[in-house]
Amino acid sequence: MRVLGIETSCDETGIAIYDTEQGLLSHALYSQVKLHADYGGVVPELASRDHVRKTLPLIRKALADANLTAADIDGVAYTAGPGLIGALLVGATIGRSLAFGWNVPAVGVHHMEGHLLAPMLEEKQPEFPFIALLVSGGHTQLVQVDGIGEYILLGESVDDAAGEAFDKTAKLLGLDYPGGPRLAAMADKGVADRFVFPRPMTDKPGLNFSFSGLKTAAAQAIAKNGKDAQTQADIARAFQDAVVDTLIIKCQRALKQTGLNRLVVAGGVSANVRLRAMLEETMHKRGGEVFYPRSEFCTDNGAMIAFAGAQRLVAQQTADLEVKVRPRWPLTELAPL
Ligand SMILES: Nc1ncnc2c1ncn2[C@@H]1O[C@H](COP(=O)(O)OP(=O)(O)OP(=O)(O)O)[C@@H](O)[C@H]1O
Ligand SMILES: [Mg+2]
């Protein structure tokens, strides 16, 4: 089955074609980062309008890149939530309408299920069950994954998501939006342990996270120590080390609690090189395995939506003709395959 995937939940238009026999045939991405940079964050209405401009041209490009025409598509998958309502409506309306016009089934995909299954687009694939650490701009979650759609939420952030904390701290350091990857690059030049920030919520049991205090710790360090380049890099390093350490402590706790030894890490922050290196080391020591998507599929993309949608379409889980999106949509409400 050949599935067209459409991702428009936030500020990236992602389109891909996934074939259940041949794998990923093509993918195309347009990032709106420049459009929102002046505002220091995503402006929802501008995002929706840009998706309107980009979605159809990118679908044409993805088809052409794969040497296919619309007649070769057997199903359409679009992100139905969670995300910005206007942005979601663009992809869902286009996806649902194309499927109707082409007389093929459609399915609305959960964006975080897309992130969670993205490592399955790689050669080294995790077997079920595993623990998933979802770390993105809007989510920090530890999930026990027993199969597709079989999710038990073990813990999540009680305030800022990990990516959000990266972006807000980057802003304090004078870095442009989206600051996460820029802060990570700055941290590479920082000296370890000149500043030491707390590892929030690691001193009591449980698997929830809290990252908003780290941003305050960074703000105080900046106020006290000034803004010369080395001090800023040292603060970036302290922040990144605190987030990475905290994520690793909680992952180990989740593995111990469930008796599992396979870990999947996905979402934008899983592109962080330091986090990946520390996870490799930790999992190697425990004799376990860690899986993640290739870097370009850590952040939002169409490939993960085409893949997740294909699994659901093969299982004959299809959307009816109504265009339905859910800006808020708990992962645990999904049906098993
Ligand atoms: N190398 C990196 N180090 C740290 N953070 C990073 C890195 N690369 C990307 N990020 C962060 O990842 C986030 C973007 O990830 P993603 O696109 O998955 O999130 P989102 O789609 O905005 O949120 P969600 O998926 O929860 O709706 C941003 O917060 C960004 O700063
Ligand atoms: Mg995302």
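Above this text sits the structure in question.
Along every chain, residues carry numbers that run from 1 in the direction the sequence is written. Think of it this way: whatever chain is written first is A, whatever ligand is written first is 1, and the rest follow in order. Residue-level local features of this predicted model are given only where pLDDT is at least 70; pairs of side-chain atoms are given and counted only at 80 or more, and the full residue set underlies all totals for whole chains, interfaces and linings. For the side-chain quantities, the full set of heavy atoms in the structure was used; hydrogens and water were omitted.

The subject of this paragraph is the coordination of the magnesium ion (ligand 2). For Na, K and Ca the donor cutoff is 3.2 Å, while for all other metals N, O and S atoms count as donors only within 2.8 Å; water does not appear among the atoms, so some sites may look incomplete. At the metal site, the magnesium ion (ligand 2) is ligated by His111 (NE2), His115 (NE2) and Asp300 (OD), and these contacts range over 2.0 to 2.2 Å. Categorising residues by exposure relies on relative accessible area from a 1.4 Å probe, with only protein chains included: less than 20% of the type maximum marks a residue as buried, more than 50% marks it as exposed, and the intermediate range marks it as partly exposed. Judged by its relative accessible area of 1%, His115 falls in the buried class. When its relative accessible area of 11% is taken as the criterion, Asp300 is described as buried.

Quick look at the pattern of salt bridges now. What makes a salt bridge here is a side-chain nitrogen of Lys or Arg within 4 Å of a carboxyl oxygen of Asp or Glu, nothing more. A complete count under the given rule lists 17 salt bridges for this structure. Between Asp50 and Lys54 there is a salt bridge, with its nearest N and O atoms 3.5 Å apart. Taken together, the residues span about one helical turn, with Asp50 and Lys54 both in helix α2 (residues 44-65) at a distance of four residues. Since its relative accessible area comes to 3%, Asp50 is described here as buried. Taking relative accessible area as the criterion, Lys54 reaches 23% and is therefore assigned partly exposed. The partner of Lys285 in a salt bridge is Glu281, and the shortest N-O contact between them spans 3.6 Å. In this pair, Lys285 and Glu281 are both assigned in helix α9 (residues 273-286), four residues apart and thus about one turn of the helix distant. One network of salt bridges, with partners in common, ties together Asp160, Glu164, Lys168 and Lys215. Comment: elements are numbered from the N terminus, with helices defined as DSSP H or I runs of at least four residues and strands as E runs of at least two.

Moving on: the nonpolar core. In terms of nonpolar packing, the biggest core is built from 58 residues, with Leu4, Ile17, Ile59, Leu116, Leu117, Tyr151 and Leu331 touching the most fellow members. Here a residue-residue contact requires only that any non-hydrogen atoms of the pair lie within 4.5 Å. Dropping the residues within four chain positions of it, Leu116 is found in contact with Phe130, Ala132, Leu134, Val145, Tyr151, Val264, Ala266 and Leu331. Note on terminology: a nonpolar core comprises buried Ala, Val, Leu, Ile, Met, Phe, Trp, Tyr and Cys residues joined through side-chain atoms within 4.5 Å.

Any residue with at least one heavy atom within 4 Å of a molecule or strand is counted as near it. Neighbouring ligand 1 are 21 residues; Ser136, His139, Asp167, Asn272 and Asp300 lie closest to it. Identification of polar contacts relies on pairs of N or O atoms within 3.5 Å, with a donor-acceptor requirement for protein atoms, meaning one able to donate a hydrogen and the other able to accept it, and with residues adjacent in sequence counted only if both atoms are side-chain atoms. His139 has a polar side-chain atom sitting 2.6 Å from an oxygen atom of ligand 1. Within the backbone of Gly180, a nitrogen or oxygen atom sits 3.3 Å from an oxygen atom of ligand 1. The Shrake-Rupley method, run with a 1.4 Å probe, gives the accessible areas here. Residue values count only the displayed protein chains as cover. In the complex, 87% of the free accessible area of ligand 1, which totals 650 Å², lies under the protein chains. Here the term charged refers only to Asp, Glu, Lys and Arg, the term nonpolar to Ala, Val, Leu, Ile, Met, Phe, Trp, Tyr, Cys and Pro, and the term polar to all other amino acids, Gly among them. For the shell around ligand 1, the residue count by class is seven nonpolar, twelve polar and two charged.

Read from one edge of the open sheet, five strands run β8-β7-β6-β9-β10, paired in mixed fashion. The sheet is open, and its two edges are formed by β8 (150-156) and β10 (289-291), each paired on a single side. Strand-to-strand twist of the sheet, defined as the mean angle between neighbouring strand axes without regard to direction, takes the value 25°. Two strands form a pair only when DSSP identifies at least two bridges running between them. As a rule, the C-alpha atoms of each element are fitted with a line to give its axis, helices using only the stretch in contact, and angles between N-to-C directions run from 0 to 180 degrees.

This part takes up the side chain of Glu122. Structurally, Glu122 is set in the loop between α4 (111-117) and β6 (130-135). A relative accessible area of 17% places Glu122 in the buried class.

This brings us to the pairing of strand β3 (residues 23-31). The two faces of the sheet receive side chains in turn, since in a regular strand these alternate between them. Pairing of strand β2 (residues 12-19) with β3, which is carried by eight bridges, proceeds in the antiparallel orientation. Bridging across to β3, Gly14 finds its partner in Leu29. Connecting β2 to the next strand, β3, in antiparallel fashion are three residues.

This paragraph deals with the side chain of Gln240. One can find Gln240 in helix α8 (residues 229-258). Apart from residues lying up to four places away in sequence, Gln240 is in contact with Phe166, Ala184, Ala187, Asn272 and Arg274.

Limitation: the analysis is restricted to geometry and does not speak to function.
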